[in-house]
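Each chain is listed here by its residues.
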Amino acid sequence: MTPSTATIDPRPSPLHQTLARQVQRARLPDGGVDLDRLLALVSETYAETDVDRRRTDRANRLMAEELEEALSKSALQNVRFKAALDNMNQGLALFDPAGRLVLTNQRFLDIYRLSEAPAGLTLDQTLERSPCLSIGTPTAQRRLIREYHDIASDPGAKIEQRWPDGRTITIERNQLVDGGFLDTVADVTEARNASAQIAHLARHDALTDLPNRTLLHERLAEMMRNARRGDRCAMLCLDLDRFKLVNDTLGHPVGDALLVAVADRLVALVRPHDVVARLGGDEFSILVQHVTSDRVVKQLCRRIIETLTQPFEIAGHHIQIGASVGVAMGTVEALDPDTMLRDADLALYRAKRDGRGNYRFYTPDMHVFATRRRELEIELRRALNSNEFEVHYQPQINIETQTVVGFEALARWYHPERGVISPGEFISVCEEIGLIGAVGEVILMRSCHDAACWPENVKIAVNLSAVQFKSGTLPALVARALRDSGLDPRRLELEITESVMLEDTASVITQLKEIKRLGVLISLDDFGTGYSSLSHIRNFPFDRVKIDQSFVRELGTNSDSLAIVRAVTGLCSSLGIMSIAEGVETLDQLNILAAEKCDSAQGYYYSRPVPLAETGPFVSRMAALHAVAA
Ligand code: C2E
Ligand code: CA
Ligand code: CA
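Residues numbered from 1 in each chain as written. Chains lettered and ligands numbered in written order. Predicted model: local features only at pLDDT ≥ 70, side-chain atom pairs only at ≥ 80, totals over all residues. Heavy atoms only, no water.

K.L.:
Got a sec to walk through the overall build of the chain? Specific residues and values, please.
P.N.:
Across its full length, the chain carries 23 helices and 21 strands. Computed over its C-alpha atoms, the radius of gyration of the chain comes to 51 Å, more than 25% above the 25 Å expected for a compact globule of 630 residues. Dimensions of the chain along its principal axes, counting C-alpha atoms only, are 195 × 60 × 50 Å. When the 630 residues of the chain are sorted by exposure, 41% land in the buried category. Within the chain, contacts between residues separated by at least 24 positions form 59% of all contacts whose residues are at least 6 apart in sequence. For the chain, the accessible area works out to roughly 33700 Å², and carbon and sulfur atoms hold 54% of it. The distance from the centre of the 72 positive side-chain charges to the centre of the 86 negative ones in the chain is 2 Å. (Helix = DSSP H or I, 4+ residues; strand = E, 2+ residues; numbered from the N terminus. Rg over C-alpha atoms; globule rule 2.2 N^0.38 Å. Buried < 20%, exposed > 50% of the residue type's maximum accessible area, 1.4 Å probe, protein only. Contact = heavy atoms within 4.5 Å. Areas by Shrake-Rupley, 256 points an atom, 1.4 Å probe, with all protein chains shown as cover. Lys, Arg positive; Asp, Glu negative; His and termini not counted. Charge placed at Lys NZ, Arg CZ, Asp CG, Glu CD.)

Here you go:
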């Protein structure tokens, strides 16, 4: 090797520089080169370079391996990331600052029913590809795209769109730092439907699907907000007559079907903007809007009553009910929903009291009446606790012998301030507020005790209310009254009216038979006032029939009444049932009854109902008269 080669290249390479250094180190003092030394130096250097190269190779290999591993890791991460994106419940769409699509996930494609959304499309182009948009009208399509386009990008800004295919979709936009934006899209149809259904259930009656009280309130309030000045409306409250009887005797499924049929008939009667609501049980109400005159409302009331009186055919049953209606009228701006409903309810109460199958318009005196009625309820509860109920007795006379055969027990309320109050004022209230059981018990106990002191041939007749049969404990109560008083059962007579026979007949008959087995007599009161009196005489072995005072009063003036009295006494004697006429006030009436072979008579002609103290003297007086006559 010659040293000259080391000096040829003007731009020394690292190898060149190393060689130059080695030549330098191998120089001899005379300026020549010690070739052996140079060779040794060079091979030493080669050995070093070799180690370096091997090192570098190894390093490269390691780096490649690491890189490969890193790459496969990030690919995995990418797959995971994509899977996560695609399986998100929300659709995602990423747009660049120019509004061109960069990326979407699968859910986004699904929501808009897109097979693909290539990067680079604008938002409009993306939406226009959606088949669920194209089924809408062109106007609807334009509106939906514009709305989407214009979403505010404030954080949390969100719009909700109803798509032509019926779905509800929400879109939320997030502005990105580079000027692009990320939209999050969700199909909330199910959630909205579910909440719409819950909202519907909360405002509708589950059985008839009519609006309930809540929705009626809202409609009324809404109507009041939107009404023109002077606009009038009517609130009708109605209640079905005899519905309870249907429910109790034919069962709840039939009762339910009947309510649905009633709802249908009512809806068919009103105009589309009127609201028919079910307030619960057999209570319905109708809000009539834009009322031009009272006459229109009266006409509607008549049609409601007429329509609901038409028979219903349900599950093979021929069902006849009826309806009572209460009406509150109002100028829209002067009313509040609660007052209107309350007034209509008060009018309904009056309609029912006045004999059902009726309608009544609210008048302010009804409010006064309701207040008094509430006071009366409080007073009655107090009266029961302070033993203010007494019994008066009205004698019953055998027409032929003119002797006292018994007394009818008639309840009296000795009010500390108002004096003696008659049962007409409080018995029905007691029935309505559930106090009749307790009051009836007081009367029965007292009557049996008092009667036990009378001569043995004198009976006691006690009135029972239909409500007293409800609990089923009446036979036990009667047995206890007899036991406590020691009264001979054959001296006790219980008076029931036809309304008792109209209640749950099977249970009533069972209880009546049980009472009869004790030896107690049962009589049918107010005979002739109901519409199927005769059938009741056949259905149950009554011991006595009381001819109602309305017929007795007209004896001598009305030939129909005479015919009825004649028919009843004739029927009774042929069936072996005793008869008694009540409300006998004159000798004329008594003579006719005697001619018709009526067994007994009761009325002012002989005596008004009297306190216990006067009963003994009365019996003696009649006995004395009888003795004189004999
Ligand atoms: P009711 O059972 O028909 O009783 C007869 C009613 O006619 C009694 O009225 C009696 O005072 C009245 N009266 C009797 N004779 C005559 C007469 O010659 N002329 C006229 N105009 N009236 C006469 P009162 O005592 O006011 O009882 C009214 C009703 O209250 C009774 O009618 C009965 O349905 C009911 N009631 C009375 N006490 C009780 C009771 O303890 N329990 C139940 N559940 N109801 C009772
Ligand atoms: Ca009676
Ligand atoms: Ca009577």
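Still to come is the rest of the account.
K.L.:
Kindly report on the site of ligand 1, identifying the contributing residues and their values.
P.N.:
Taken together, 21 residues surround ligand 1, and among them Q394, R412, Q549, E585 and Y604 come closest. Contact distances for ligand 1 include 3.2 Å between an oxygen atom and a side-chain N or O atom of E408. D525 places a side-chain nitrogen or oxygen 3.1 Å from an oxygen atom of ligand 1. Burial of ligand 1 by the protein chains amounts to 81% of its free accessible area of 790 Å². Among the secondary structure elements, those contributing two or more residues to the shell around ligand 1 are β14 (404-415) and β18 (521-527). (Near = heavy atom within 4 Å. Polar contact = N/O pair within 3.5 Å; in protein donor to acceptor, adjacent residues only side chain to side chain.)

K.L.:
Give me the lowdown on the sheet that holds strand β12 (residues 359-361), citing residues and values where you can.
P.N.:
On the basis of which strands lie adjacent, the open sheet formed by 5 strands has the order β7-β8-β6-β11-β12 and mixed pairing. Every other strand in the sheet has two partners, leaving β7 (275-280) and β12 as the edge strands with one partner each. Averaged over all pairs of adjacent strands, the angle between strand axes in this sheet comes to 20°, irrespective of strand direction. Both β7 and strand β8 (residues 283-288) contribute to a ladder of 5 bridges, which runs antiparallel. Of the residues in β8, the one forming a bridge with V276 is I286. (Pairing = 2+ DSSP bridges. Axes fitted to C-alpha atoms, helices over the stretch in contact; angles between N-to-C directions.)

K.L.:
Could you give an account of the packing of helix α15 (residues 436-451) against helix α16 (residues 474-485), naming the residues involved and the relevant values?
P.N.:
Relative orientation of the contacting elements α15 and α16 amounts to 35°, with a least axis distance of 9 Å. Our pair here, α15 against α16, has a crossing hand that is right-handed. Residue-level contacts link E441, L444, M445, C448 and H449 of α15 to L477, V478, R480, A481, D484 and S485 of α16. (Left-handed = near helix turned anticlockwise from the far one by under 90°.)

K.L.:
Quick one: what's the story with the domain arrangement of the chain, residue by residue and with numbers?
P.N.:
The domain boundaries assigned to the chain delineate domain 1 (91-192), domain 2 (204-362) and domain 3 (387-629). Domain 1 and domain 2 are separated by 48 Å when their C-alpha centres are compared. (Domains from an automatic or database assignment.)

K.L.:
I'd like a description of the side chain of D450, backed by residues and values.
P.N.:
Within the secondary structure, D450 is located in helix α15. For the buried D450, which has no salt bridge, the nearest side chain bearing the opposite charge is R446, at an N-O separation of 5.3 Å. Excluding its chain neighbours within four sequence positions, the residues that come into contact with D450 are Y393 and L612. (Salt bridge = Lys/Arg side-chain N within 4 Å of Asp/Glu carboxyl O.)

K.L.:
Pulling in residues and values, what's your account of the pattern of salt bridges?
P.N.:
Taken as a whole, this structure holds 31 salt bridges when the rule is applied. We note a salt bridge from K73 to E69, for which the minimum N-O separation is 3.8 Å. Of this pair, K73 and E69 are both found in helix α2 (residues 35-86), 4 residues apart, which corresponds to roughly one turn of the helix. Assessed through its relative accessible area of 54%, K73 is described here as exposed. You can call E69 partly exposed: its relative accessible area is 47%. Its salt-bridge partner being R382, residue E388 comes within 2.6 Å of it at the nearest N-O pair. Of the residues examined, R382 reaches a relative accessible area of 30% and is grouped as partly exposed. Shared partners join several salt bridges into a network, and the residues in it are E408, E495, K546 and E582.

K.L.:
How would you sum up the coordination of the calcium ion (ligand 3)? Please name residues and give values.
P.N.:
Coordination of the calcium ion (ligand 3) by the protein involves D525 (OD), D526 (OD), E582 (OE) and E582 (OE), with metal-donor separations of 2.1 to 2.6 Å. Counting along the primary sequence, the residues that act as donors to the calcium ion (ligand 3) give the motif D-D-x55-E. In this structure, the calcium ion (ligand 3) lies 3.8 Å from the calcium ion (ligand 2), and both are coordinated by D525. A residue pair is termed long-range when its members are at least 10 positions apart, and D525 in strand β18 and E582 in strand β20 (residues 578-582) qualify at 57 residues. The pair D525 / E582 is uniform in exposure class, with both members buried. (Donors = N, O, S within 2.8 Å, 3.2 Å for Na, K, Ca; no water.)

K.L.:
Give me the confidence of the model for the chain: which residues, what numbers.
P.N.:
When pLDDT is averaged along the chain, the result is 89, and 96% of the positions lie at 70 or above. Segment residues 1-9 is flagged for pLDDT under 50; beyond a separation of four residues in sequence, or across chains, it makes 5 contacts in the model. (pLDDT = per-residue confidence, 0-100.)

K.L.:
Please set out the coordination of the calcium ion (ligand 2) residue by residue, giving values where relevant.
P.N.:
The calcium ion (ligand 2) binds to the protein through E408 (OE), N463 (OD1), E495 (OE) and D525 (OD), with metal-donor distances spanning 2.1 to 2.3 Å. Within one chain, the residues donating to the calcium ion (ligand 2) are spaced in sequence as E-x54-N-x31-E-x29-D. Since its relative accessible area comes to 4%, E408 is described here as buried. By relative accessible area, E495 is classed as buried at 1%.

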